[in-house]
There are 2 protein chains.
Amino acid sequence: MPEWRNLDELQSFDALRELPKVDLAAEMAGENGARRVSRYSVPMAAGLAWNYGAKAVDDRILSALRDLAREADFTGKFRALYEGERINTGENRLVLHHLTRGQLGKDVIEGGVNKRMFYTEQLRRIADFAADVHSGKIRNEAGQCFDHVVQIGIGGSDLGPRAMYLALRNWAKTNGKAFMEADFISNVDPDDAAQVLASSDVSRTIFILVSKSGTTLETLTNEAFVKNALREQGLDPARHMIAVTSETSPLAHSDDYMAAFFMDDFVGGRYSSTSAVGGAVLSLAFGPSVFEAFLAGAAAEDRLALEEDPLKNPDMLDGLIGVYERNVLGYGSTAILPYSQALSRFPAHLQQLDMESNGKSVNRFGEPVSYPTGPVIFGEPGTNGQHSFYQLLHQGTDIIPLQFVGFRKSQLGTDDVIQGTTSQQKLCANVAAQIVAFACGKDDADRNKKFPGGRPSSIIIGEELTPESLGALLAHFENKVMFQGFLWNLNSFDQEGVQLGKVLAKKVLSRDTDGALRVYSDLLGI
Amino acid sequence: MPEWRNLDELQSFDALRELPKVDLAAEMAGENGARRVSRYSVPMAAGLAWNYGAKAVDDRILSALRDLAREADFTGKFRALYEGERINTGENRLVLHHLTRGQLGKDVIEGGVNKRMFYTEQLRRIADFAADVHSGKIRNEAGQCFDHVVQIGIGGSDLGPRAMYLALRNWAKTNGKAFMEADFISNVDPDDAAQVLASSDVSRTIFILVSKSGTTLETLTNEAFVKNALREQGLDPARHMIAVTSETSPLAHSDDYMAAFFMDDFVGGRYSSTSAVGGAVLSLAFGPSVFEAFLAGAAAEDRLALEEDPLKNPDMLDGLIGVYERNVLGYGSTAILPYSQALSRFPAHLQQLDMESNGKSVNRFGEPVSYPTGPVIFGEPGTNGQHSFYQLLHQGTDIIPLQFVGFRKSQLGTDDVIQGTTSQQKLCANVAAQIVAFACGKDDADRNKKFPGGRPSSIIIGEELTPESLGALLAHFENKVMFQGFLWNLNSFDQEGVQLGKVLAKKVLSRDTDGALRVYSDLLGI
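Residues numbered from 1 in each chain as written. Chains lettered and ligands numbered in written order. Predicted model: local features only at pLDDT ≥ 70, side-chain atom pairs only at ≥ 80, totals over all residues. Heavy atoms only, no water.

Here's the deal with the UniProt feature "active site" (unreviewed entry) in chain A
Next, step 1: Under the UniProt annotation, the feature "active site" (unreviewed entry) is placed at Glu 356, His 387 and Lys 502 of chain A. These annotated residues cover 147 residues of sequence, and their C-alpha atoms reach 37.8 Å apart at the extreme, placing them across more than a single site.
Next, step 2: In this fold, His 387 of chain A is placed in the loop between β11 (376-378) and α14 (390-395).
Next, step 3: If near-sequence neighbours (up to four positions away) are discounted, His 387 of chain A is found in contact with Ile 154, Gly 155, Gly 156, Thr 216, Glu 218, Gln 352 and Glu 356 of chain B.
Next, step 4: Take Lys 502 of chain A: it is sitting in helix α17 (residues 499-509).
Next, step 5: Residue class for Lys 502 of chain A comes out partly exposed when judged on its relative accessible area of 41%. (UniProt positions renumbered as here; feature names shortened; annotations may be inferred. Helix = DSSP H or I, 4+ residues; strand = E, 2+ residues; numbered from the N terminus. Contact = heavy atoms within 4.5 Å. Buried < 20%, exposed > 50% of the residue type's maximum accessible area, 1.4 Å probe, protein only.)

Written as structure tokens, this is what we have:
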């Protein structure tokens, strides 16, 4: 059993705090900078590498971080998690998202069920279903093939699968794997569903209803909305809908759906892209083999996360440096900056993953912690962000650590040489330039044009964004967030902070309000 | 001539700092909370209202903020700006975006030109051009009408116009104003342009090239990319492209474009949605009358911003309270949370507007300031965000002020009663509930389920998101950011922080690199 202690109870954290800080601008100058960038790199899975040359660390700080990882027993805690301890203490649940894509330790048997086999079985059922849809064995009322899939879900049932779909859409087109177009309905705002429906041929659409409990307000509302639209066109909703839900939910064994695929309480919404939640929509859109490759990339990254030495474990080291930046250097937010238009919604997914997991003020025993925990996460793809909020990143009064992502090749391969270079080369030149500009800065007699530098970043570099590398990228951040939660001594797997709003919204809808809530309800015309 | 001083040189700021802080959770409880919400509201233009009942202020703090506005001479500075002083000191330029939508003071004559007439004339030319496209007077090579418009631009030429287009797209469909579909190409990532082109019938598309200087790397690259695609289909680019640029740029008088519409150096990119930059694409998409209504809403909000008393000036008061939160309460970021799917990209626009304007460390005289300036801005539409990062907002260790937006009516009007209420009612119930949950919190013996409350927010409430109310919303935030820049004594209208990256990217592309930059270039395969 691992021992759970607060960050400020760890001796190696005190030691870390005492170390001299790195003058990043000085360290990154000249050939010393070149040496740092060459040395400070850790291989990730699927051919990716995490380069932390421009982080404000040196060998002494790295050594102290290694001590911290050991004292915090990262590896023991991770093992406890993937071998089925009830790490999610508040809800008394196992945390098994790693099992959806591989077997890291001994079998996990829960309620008499081998959980790895359970997840695998669901994905096999999804693969069979997708194959039947693609082959035309499953057709609509008029005998036509389905060519469109719409996921109805919110939060983890939306952000992750949507980001993954957008990330692979162009890759699939180039590689002959674009089977069905996908759309997503999430918001309870009726304009969201209405717009997707208006631009869809619903007669040829399969809707995936994703709700673990089968009780999520937004999702059930949008399901009813969609069913009405199907009926208005004389269609039978039961021939157009499938469910992804828990086996005990009201949706699990219902004639309202062509099929139901199962998840369980041990894979949180924000960790569910590799479960049936992502599996159904991605297998329908791109075919089961693409989803399998995505899982293989994630599983390979998980195996790297087993490594005890953080200098060989990119997920662990990223997490450690992030805590150093948050709790020693005092930085309050982190920007996610993928230089890849396909990753346009990846920052929004990481925003949920990180902020919902570690945005907490009490430790896993329910005691308040006395140090800052999860930072604000935000971001947009480059180069767009350069022409937007980078001004503040370069010259603002707060320092904001940056996470870049870049690929040597584009996905579509459609490119032109303009002024002697391709667009992809321009894209890559910009991310290289930004890292150095942030780290090194530039002096200028006109202080308005002076760049202080010393703004730390890391970059994940790969050949191309593929199903495998996307899986590795996703797992990297999941594992990073997990290790940070260990260090902050949080339960990263519940989300009690979303409950109060739900309770109060129900009160408003049942007109059971007083005080400020009554006035706001009146102002909003409810 | 107004007097420009740093925030910490203002006596009324010292007085503000000394005032007792408000216990927001206590103040917002019970009928006192109801009274606050009823009282703390300022009308905005176009039927909107800015309600700050849930901000951590009381009458004493408001009175001190009023003193601050007076001592900082907000109204005098605003007047100097709209009457043509060179407020953008670094670039020695006027700041005239208000003139694109109205005349606030005396005529501004610059270089012998009445600037208001110049902007009006460009919008009239755009209106005529759009009318000719819509009527079929302007057609493609095959004699077909154009039905699609694609804007090529980045930063302010992309984020604002894109956010405005998405905000009005459904409204236009409902109100018979949907003339042309619009898309946007911004990123130098070749997959961005390739994807838009792949899903477009380019033979029926008008491309708008937007670049003030005519030298923006991304935009010229994407222009060449688009021209190649047109030529490959045997089409003449000059019959498919128009330019929005400055009169002195190489694009201004070129046979490569059907027409050129002009902007100038006195309207910054991030303030250009109401200029020809937003005017061309929005007039083509929705017709000139919709764009005029949008301008009218912005102009009406500008006139409110003339009011000297901040309690009657929502833009000024929002700015003042924001500075109080940043510099007295010490909050480092702000979340923008519109409960409207149509505003899905409005937070991204405000992110640029705010972070590029006020993300600076030196005052307008180039001297370092000793206080924090612009915060990090991020956000997503509700209710989606509730199922994502709200966990941290409710229970994280940092307090993050929140800006909600809500409308009583949806745009499409397609709605169903499910479980006794419409989706729109559920949406509004959620935003009301969240405000109260953030402000008041909830005690619980299980500290994991305890909500500390005391998390401040304001909400802009309107009847419906229309062209007029969107204009007012946009101008509100532009003016808020302007007033905050006055208080921080910044030049909010330049962006020197974007230059260094451009210079280094050019070095990479010309292989003129050493040190860390060389290694990063190698790793990225350039």
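What follows continues from the structure just given.
Re the interface of chain B and chain A
Next, step 1: With 135 residues of chain B in contact, the opposing surface of chain A contributes 135 residues.
Next, step 2: Taken together, both faces of the contact between chain B and chain A bury some 11100 Å²; the carbon and sulfur share is 61%.
Next, step 3: Its largest share of buried area at the contact with chain A, chain B owes to His 387, Tyr 520 and Leu 524 of chain B, together 7% of the area lost on that side.
Next, step 4: A salt bridge links Arg 518 of chain A to Glu 31 of chain B; the nearest nitrogen and oxygen atoms lie 3.3 Å apart. (Buried area = accessible area lost by both parts, 1.4 Å probe. Salt bridge = Lys/Arg side-chain N within 4 Å of Asp/Glu carboxyl O.)

Re the sheet that holds strand β6 (residues 181-185) of chain A
All names here are of chain A.
Next, step 1: If you walk across this open sheet you meet the 5 strands as β6-β5-β7-β8-β9, and the pairing is parallel. Both edges of this open sheet fall to β6 and β9 (259-263), since each of them pairs with a single strand only. Taken pair by pair, the neighbouring strands of this sheet meet at an average axis angle of 20 degrees, ignoring direction.
Next, step 2: The pairing of strand β7 (residues 205-210) with strand β8 (residues 241-246) spans 4 bridges and is parallel. What sits directly across from Phe 207, in β8, is Met 241.
Next, step 3: The sheet contacts of helix α8 (residues 190-198) involve β5 (148-152), β6 and β7, and relative to β6 the element is tilted by about 160 degrees. (Pairing = 2+ DSSP bridges. Axes fitted to C-alpha atoms, helices over the stretch in contact; angles between N-to-C directions.)

Observations regarding the side chain of Asn 88 of chain A
Residue and element names in this part refer to chain A.
Next, step 1: Residue position: Asn 88 is located in the loop between α5 (74-82) and β3 (109-110).
Next, step 2: Here Asn 88 falls in the buried class, since its relative accessible area comes to 3%.
Next, step 3: A distance of 3.1 Å separates a polar atom in the side chain of Asn 88 from the backbone oxygen of Phe 493.
Next, step 4: Here Asn 88 is in contact with Arg 93, Val 95, Asn 491, Phe 493 and Asp 494, once residues within four sequence places are set aside. (Polar contact = N/O pair within 3.5 Å; in protein donor to acceptor, adjacent residues only side chain to side chain.)

Some words on the sheet that holds strand β6 (residues 181-185) of chain B
Residues and elements named next belong to chain B.
Next, step 1: Reading across from one edge, β6-β5-β7-β8-β9 is the order of the 5 strands in this open sheet, with parallel pairing throughout. In the strand order of this sheet, the two ends are held by β6 and β9 (259-263), each with one partner. The average angle at which neighbouring strand axes cross in this sheet is 20 degrees, direction not considered.
Next, step 2: Here helix α8 (residues 190-198) sits on the sheet and contacts β5 (148-152), β6 and β7 (205-210); the angle it forms with β6, its principal contact strand, is near 160 degrees.

Regarding the relation of the copies chain B and chain A
Next, step 1: With an axial shift of 0.0 Å and an RMSD of 0.0 Å, the rotation relating chain B to chain A amounts to 180 degrees. Each copy turns onto its partner about a two-fold axis. Within chain B, Phe 378 of chain B has its C-alpha nearest the rotation axis, a separation of 3.1 Å.
Next, step 2: Mapped onto chain A, 100% of the interface residues of chain B are again interface residues, and the two copies thus contact each other with one and the same surface. (Least-squares fit on C-alpha atoms with pLDDT ≥ 70 in both.)

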